[in-house]
Amino acid sequence: MAKNTHLKTRLNKKKQKFFFQSPRGMHDILPRDQIWWDKILKTGKDTAEFYNFLKIETPVVENADLFVRAVGTDTDIVSKEMFYIKSGGADKFVLRPEGTAAIARSYLEHGLSHISQPVKLYYFGPMFRHESPQAGRYRAFHQFGFEIMGGASDPIYDAQIILASFRFIEDLKIKNLTLQINSIGCRVCRPHFKKRLTDYYRRHEKKLCADCKRRLKTNPLRLLDCKEESCAALKEHAPNLMDSLCNSCSTHFKSVIEYLDELALPYTLNPYLVRGLDYYNKTVFEIFAEGYNLAIAAGGRYDYLFEMIGGRPTPGAGVALGIERLIEVMKAKNIELTPKNKARVFLMYIGALAKKKALTLIEEFRVKGIHVRESFGKDLLKKQMQLADKEKTDFALILGQKEVYEESIIIRDLTSGAQESIPLKRVIEEVRKRLK
Ligand code: HAM
């Protein structure tokens, strides 16, 4: 039985049984994990709203060419990792591998350049990449992103994107962040750097891994990113990107750094950081949490992206945070979350008539905004009591056949055990009083 099949077989004594499983590298988000997702989404939304970002949503499916043009044919994402969709028409569609290109497409399609610039947008959603699944690297994962599109190619926006990412992560109580930052130049200075880099690596071509031999021809900048031992050793003496920046890129980068200093955000200059997507220019960065070796957030400036996908030159800068990675870090650091407010009142019933009455009584509480817990799957009062006890509910309302006929209800304090019978029509008023 192949390990990665979507059908799992389990031998039953008499016959084989098949169970469907989620596709490899894709996960269900179960009720017990929702607390993490709620916390991250709320923190992201609060951060976005504080810095005046507006929400945008785009389809999960996009035209494949959008990413071919924006992210680049020679990148891993486009050359190896896109999920193609079989569809009737001639167009090729994919499950989106990232959000930025799709949002730039939407900005152009809907004339967002005609409103006040820059447009600050945020988004959340699933992304899909056919990677080899391992801890922190999945085939379906979620990103929360910020993009600043239009206006000027102003370094203050690069800094604001980094600032929003930091505040978001810190508000999740993840401390000791490291920001790795670099500038990969522009159309003016990058070709000179690429030439110097190619000349250097040609002299050492024999020592390069197979991937880097190919990259030398297609995307030499990515040679600096290779983790293979022999290639990593070579990069120590490779030409330095910082030394090759033109005046404009150098001034831009200096300003970004000055803003980070002003904000007291810690950073490390990393001349080898180039990022795996072709649309970047000038600033690129990645954010790491202590004790976790994958980036929890990454981004940069992309002033050429809009032209690459058929629009007018439009500056942009952005970041995406990986939600699964954030959750892994929070769990590893034992960060505690406050559970959602639980119901403080448990409505119990004895018998079919009371069960029916309980159903409508809960509606009366709903209208008054009082959250009431019930357990219609447990007809025995003892079981209902055990559940209320386990959930540490404050009060029980008990409705039996006698109470239904008498239009009364028992209210029991589950801490002291004291209980009394009250007229049913007073129950909401009484519960309100006790909840205070
Ligand atoms: P990226 O570096 O490909 O950039 O992804 C950003 C973040 O998404 C990563 O730092 C990581 O936290 C998370 N991530 C990426 N791939 C996976 C995976 N296979 N499994 C789990 N998490 C993953 C982008 O996607 C750019 N669009 C970021 C950006 C926004 N640049 C400008 N604006």
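See the structure above.
Every chain begins its residue count from 1, and numbering advances along the sequence as written. The predicted origin of the model limits local features to residues at a pLDDT of at least 70 and limits the giving and counting of side-chain atom pairs to 80 or more, whereas totals for whole chains, interfaces and linings rest on all residues. In computing side-chain values, all of the structure's heavy atoms are included and hydrogens and water are not.

Novice: Give a detailed account of the overall build of the protein chain, specifying residues and quantitative values.
Specialist: Numbering of helices and strands runs from the N terminus; a helix is a DSSP stretch of H or I covering at least four residues, while a strand is a stretch of E covering at least two. Looking only at helices and strands, the protein chain has 15 helices and 18 strands in total. The globule rule puts the C-alpha radius of gyration for 436 residues at 22 Å, and the 29 Å found for the protein chain is more than 25% above it. Along the first, second and third principal axes, the C-alpha atoms of the protein chain reach 95 × 60 × 45 Å. Every one of the 436 residues in the protein chain was classed for burial, and the buried ones make up 48%. Here a residue-residue contact requires only that any non-hydrogen atoms of the pair lie within 4.5 Å. For the protein chain, restricting intrachain contacts to residue pairs at least 6 apart in sequence, the fraction spanning at least 24 positions comes to 68%. Here, Shrake-Rupley sampling with a 1.4 Å probe gives the accessible areas, and only protein chains in the shown set may cover a residue. Carbon and sulfur atoms make up 52% of the accessible area of the protein chain, which totals about 23600 Å². Note that His is not counted, nor are the chain ends; the positive residues are Lys and Arg, and the negative ones are Asp and Glu. For charged residues, the charge sits on one atom: NZ in Lys, CZ in Arg, CG in Asp, CD in Glu. Each charge class in the protein chain can be summarised by its mean position, and for the 72 positive and 53 negative side chains these summaries are 5 Å apart. The size measure is the radius of gyration over C-alpha atoms, and the globule rule it meets is 2.2 Å times the number of residues to the 0.38 power. Partly exposed residues are those whose accessible area sits between 20% and 50% of the maximum for their type, while under 20% is buried and over 50% is exposed, using a 1.4 Å probe and protein chains only.

Novice: Please give an account of the site of the ligand that cites residues and values.
Specialist: Close to the ligand lie 25 residues; E98, R129, E131, Y138 and Y280 are nearest. Within the side chain of R129, one N or O atom sits 2.9 Å away from an oxygen atom of the ligand. By the criterion applied in these results, polar contacts are pairs of N or O atoms within 3.5 Å in which, for protein atoms, one can donate a hydrogen and the other can accept it, and in which residues neighboring in sequence qualify only through two side-chain atoms. Within the contact set of the ligand, a nitrogen atom lies 2.6 Å away from a side-chain nitrogen or oxygen of Y280. Bound to the protein, the ligand loses 96% of the 650 Å² it would expose on its own. Of all the secondary-structure elements, those providing two or more residues to the shell around the ligand are β8 (140-149), β12 (297-301) and β13 (316-322). The element that contributes the greatest number of residues to the shell around the ligand is β13, accounting for 4 residues. In this text, near means that some heavy atom of the residue lies within 4 Å of the molecule or strand in question.

Novice: Describe the pattern of salt bridges, naming the residues involved and giving the relevant values.
Specialist: Side chains carrying opposite charge are able to pair once their charged atoms draw close together. Counted as salt bridges are all cases of a side-chain nitrogen of Lys or Arg within 4 Å of a carboxyl oxygen of Asp or Glu. Throughout the structure, instances matching the rule amount to 27 salt bridges. Salt-bridge contacts for E49 lead to K45; the nearest nitrogen and oxygen are separated by 3.2 Å. Linking E49 with K45, this pair stays in helix α1 (residues 34-50), spanning 4 residues, or about one helical turn. K45 sits in the partly exposed class, given a relative accessible area of 41%. Bridged by salt links that share partners, the residues E420, R426, E430, K433 and R434 form one connected network.

Novice: Tell me what's going on with the side chain of S183, and back it up with residues and numbers.
Specialist: Position of S183 among the secondary structure elements: in strand β9 (residues 177-183). You can call S183 buried: its relative accessible area is 1%. Side-chain polar atoms of S183 contact the backbone nitrogen of G185, separated by 3.4 Å. Aside from chain neighbours lying at most four places away, what touches S183 is L241, M242, L245, C249, F253, K282 and T283.

Novice: Give a detailed account of the pairing of β8, specifying residues and quantitative values.
Specialist: Within β8, 10 of the 10 residues are buried, leaving the element largely enclosed by the surrounding structure. Along β8, one buried face is formed by A140, H142, F144, F146 and I148 and the opposite face, lined by F141, Q143, G145, E147 and M149, is buried too. One bridge is not enough; two strands pair if DSSP finds at least two bridges between them. Direction of pairing for strand β7 (residues 119-128) relative to β8: antiparallel, over a ladder of 10 bridges. Each bridged residue has a counterpart across the sheet, and for G125 the counterpart in β8 is Q143. Relative to β13, β8 runs antiparallel, the two being bridged by 7 bridges. For I148, the partnering residue across the bridge sits in β13 and is A317.

Novice: Can you break down the pairing of strand β11 (residues 281-289) residue by residue, with the values?
Specialist: In summary, the side chains of a regular strand alternate between the two faces of the sheet. The element β11 is largely enclosed, with a buried count of 9 among its 9 residues. Note that β9 and β11 share 7 bridges and pair antiparallel. Looking at the pairing, S183 lines up with T283 of β11.

Novice: Any chance you could break down the environment of R301 for me, citing the residues and the numbers?
Specialist: Relative to the helices and strands, R301 resides in strand β12. Judged by its relative accessible area of 1%, R301 falls in the buried class. Through-space distance from the C-alpha of R301 to that of G136 is 25 Å; in sequence the pair is 165 residues apart. Polar side-chain contacts of R301 include one of 2.7 Å to the side chain of D158.

Novice: Can you break down the sheet that holds strand β5 (residues 83-85) residue by residue, with the values?
Specialist: The antiparallel open sheet is built from 3 strands, whose spatial order is β4-β6-β5. At either margin of the open sheet sits one strand with a lone partner, and together these are β4 (61-63) and β5. Mean inter-strand twist for the sheet, computed between neighbouring axes without regard to direction, equals 45°. Pairing between β4 and strand β6 (residues 93-95): 3 bridges, direction antiparallel. Bridged to V61 within β6 is L95. Throughout, an axis means a line fitted to C-alpha atoms (over the contacting stretch in the case of helices), and angles, computed between N-to-C directions, take values from 0 to 180 degrees.

Novice: Give me the lowdown on the packing of α1 against helix α5 (residues 155-171), citing residues and values where you can.
Specialist: Direction vectors running N to C along α1 and α5 enclose 145°, while the axes themselves pass 9 Å from each other. Between α1 and α5 the crossing geometry is right-handed. Two secondary-structure elements touch here, α1 through K39, I40, T43, G44 and T47 and α5 through A164, F168 and D171. Split into classes, the residues belonging to the contact of α1 with α5 amount to 3 nonpolar, 3 polar and 2 charged. Two helices cross in a left-handed way if the nearer one is turned anticlockwise from the farther one by less than a right angle. They cross in a right-handed way if the turn is clockwise. Three categories are distinguished: nonpolar for Ala, Val, Leu, Ile, Met, Phe, Trp, Tyr, Cys and Pro, charged for Asp, Glu, Lys and Arg, and polar for the others, with Gly belonging to the last.

Novice: Describe helix α15 (residues 427-435), with residues and values.
Specialist: Quick reminder: α-helices carry 3.6 residues per turn. Residues three or four places apart thus point the same way. Looking at α15, one finds that the buried residues are V427, I428, E430 and V431. One side of α15 holds all its buried residues, which, seen down the axis, span an arc of 165°. In α15, the exposed residues that point more than 90 degrees away from the buried face are E429 and K433. As used here, the arc is the angular range of directions from the helix axis to the C-beta atoms.

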